[in-house]
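Understanding the architecture of this molecule
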Amino acid sequence: MSTPRAMVACPTCGLEERFSKLADARLRIEEHRAETGHDPAWELGRFAPGVEKMGDEAGVCGVNLDEND
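Because the structure is predicted, anything quoted here is derived from the model rather than measured. (Residues numbered from 1 in each chain as written. Predicted model: local features only at pLDDT ≥ 70, side-chain atom pairs only at ≥ 80, totals over all residues. Heavy atoms only, no water.)

Moving on: the sheet that holds strand S2 (residues 16–19). Here three strands make up an open sheet; going across it, the order is S2-S1-S3 and the pairing antiparallel. Of all strands in the sheet, those with a lone pairing partner are S2 and strand S3 (41–44), marking the two edges. Each neighbouring strand pair of the sheet contributes to a mean axis angle of 20 degrees, computed without reference to strand direction. By the bridge criterion, four bridges tie strand S1 (residues 6–9) to S3 in an arrangement that is antiparallel. Bridge pairing in S3 links Val8 to Trp42. Helix-sheet contacts for helix H1 (residues 22–36) involve S1, S2 and S3, and the interaxial angle to S3 is about 165 degrees. (Pairing = 2+ DSSP bridges. Helix = DSSP H or I, 4+ residues; strand = E, 2+ residues; numbered from the N terminus. Axes fitted to C-alpha atoms, helices over the stretch in contact; angles between N-to-C directions. Contact = heavy atoms within 4.5 Å.)

Below, the structure is given as structure tokens:
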């Protein structure tokens, strides 16, 4: 798998999965909600510097999911 861009986590059941594509993470959130009724959340990883700058200016931030950084 390439560098993780998002992590889906559910505090109710302990689900924790990492995804390289945001679309896959979003789909997993919806699947988990439909299957369990839980409300998982995601944490976004690093993006290209320009994307991070725009996110900072918009008040949105990602977190580094790569434990080696």
